[in-house]
Amino acid sequence: MKKQLVVIGNGMAGARALEEILARGGGDLFDITVFGDEPYGNYNRMMLGQVLAGEASEAGIILNSLPWYQENNITLHAGVRVDRIDKFSRHVFAADGRVVQYHHVIIATGSRPYLPPMEGLFTPSGTLRRGVFTFRTMDDTRRMMQFAGLGQRRGQQGKVVVLGGELRGVEAARGLRACGLEVHLHAGNRPTAILGSDHISGVSLRDQPDLDCDMVVITAGNRPNVDVAVVSGLAVERGIVVDDHLRVMDEDGIYAVGECAQHRGEVYGHLAPLWDQAAVLADHITGADRSSMYPGSPAAVVHSPLLPASRAFGLIP
Ligand SMILES: Cc1cc2nc3c(=O)[nH]c(=O)nc-3n(C[C@H](O)[C@H](O)[C@H](O)COP(=O)(O)OP(=O)(O)OC[C@H]3O[C@@H](n4cnc5c(N)ncnc54)[C@H](O)[C@@H]3O)c2cc1C
């Protein structure tokens, strides 16, 4: 009889782990259920900058479309968040009321954007103010494009300040410039407030004069999504603590992979380590190679076609 495998998180690591498991005959071993809180199949998050810049379409960055899940007999609950795991009765509890039993569960919940403390960031109800954006998901990308397009339809050349100069910041800046906006990219200069009452009028920085703008994009790093692990009583430090088999420390049948996982003290924020982790996890969970171990990955050296863009924004010489 097949065992139940549940994957929480349908992003790049979760889907890659599934592909690796299927490649090792996992389709004959497991009934697979996937929960992903984004309402799509798996897409290439690295190409969101190209979508923003109009160089790629949304459809063009899909890696695993909805039919792919059907073809592989995978039950996908797209747009459904998981709240918690009961590790004693071995059930996963989703926000829509579904309860699914598991023999093995893989947590692949990724990261969320870090929002540095500053005034004027949130509405009274706790959501981001209109005109303030993060850059992590397809929906973030759509929202930015819609907002930029709105200004243009009014005949204005909008001004945007991108806070955070790492790769994501450069990608957001490059994409928004291609959308016709005037872009200021601000790295290493602490923002203290978002200005304006009805609509955004600028950003205050600690060591520089205020900058006028009508849109702000925050790309100030990420924090692992560990909520499910915390409420389920799993080992969590910066990320979900895993051993060399990607098994959550001291747990039976629970694994974590991708940006939510912490291995030998490291939490990774780029793709190469996730591929290695997914292969080891699949070796283990399918029994293809139970001696397979993940030794860790070199510190992030992310090669990117965007280095010339970083130079154009004055971020690197
Ligand atoms: C704009 C951008 C550009 C990038 N460029 C590069 C690059 O050039 N090179 C590189 O190496 N890396 C790059 N990255 C990083 C790379 O995309 C990530 O390392 C990779 O996507 C991480 O995979 P993941 O599965 O851990 O997380 P994600 O891909 O974020 O997937 C996690 C998924 O889990 C979902 N989820 C979270 N909590 C729950 C829950 N409770 N229930 C159900 N679902 C949940 C999330 O919504 C998400 O869909 C880039 C990232 C971004 C955003």
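In this report, the structure presented in the accompanying data block is examined. Numbers given to residues run from 1 along each chain, matching the order in which its sequence is written. Under the rules for a predicted model, residues below a pLDDT of 70 receive no local features and side-chain atom pairs below 80 are neither given nor counted, while totals for whole chains, interfaces and linings still include all residues.

## Re helix α6 (residues 167-178)
Secondary structure follows DSSP: runs of H or I at least 4 residues long count as helices, runs of E at least 2 residues long count as strands, and numbering of each begins at the N terminus. An expected span of 1.5 Å times one less than the residue number is assigned to each helix. Here α6 contains twelve residues, and its C-alpha end-to-end distance of 17 Å stays within 8% of the 16 Å for a straight helix at 1.5 Å per residue. The burial criterion counts other C-beta atoms lying within 10 Å of a residue's C-beta, which is placed from the backbone; the residue is buried at 20 or more, exposed at 12 or fewer, and partly exposed between these limits. Along α6, the residues classified as buried are Leu167, Arg168, Gly169, Val170, Glu171, Ala172, Ala173, Arg174, Gly175 and Leu176.

## Let's talk about the sheet that holds strand β7 (residues 91-94)
An order of β6-β7-β8 is seen for the three strands of this open sheet, with the pairing classed as antiparallel. Whereas interior strands pair on both sides, the edge strands pair on one side only; in this sheet they are β6 (82-86) and β8 (99-101). Here the strands of the sheet are splayed against their neighbours by 20° on average, with no regard to which way each runs. Paired strands, as defined in this entry, are two strands with at least two bridges between them according to DSSP. Relative to β8, β7 is paired through three bridges, and the arrangement is antiparallel. Bridge pairing in β8 places Phe93 opposite Val99. The axes used here are C-alpha line fits, helices contributing only the stretch in contact, and every angle between their N-to-C directions lies in the interval 0 to 180 degrees.

## Looking at the site of the ligand
In this text, near has one meaning. A residue is near a molecule or strand if its C-beta atom, placed using the backbone, is within 6 Å of it. Near the ligand, the surroundings consist of 35 residues, among which Gly9, Gly11, Ala13, Gly110 and Gly258 are the closest. Those elements giving two or more residues to the shell around the ligand turn out to be α1 (12-23), β2 (30-36), α3 (48-52), α6 and α8 (271-286). The split into domains, and so the bounds of each, comes from an automatic or database assignment of domains. Residue contributions to the shell around the ligand reach at least three from each of two domains, namely domain 1 (3-113 + 222-286) and domain 2 (132-220).

## Notes on the sheet that holds strand β14 (residues 191-195)
Across the sheet, three strands lie side by side as β14-β15-β16; this open sheet has antiparallel pairing. Only two strands of the sheet have a single partner each, and these edge strands are β14 and β16 (211-212). Direction of pairing for β14 relative to strand β15 (residues 202-205): antiparallel, over a ladder of four bridges. Residue pairing in the sheet places Pro191 in a bridge with Leu205 of β15.

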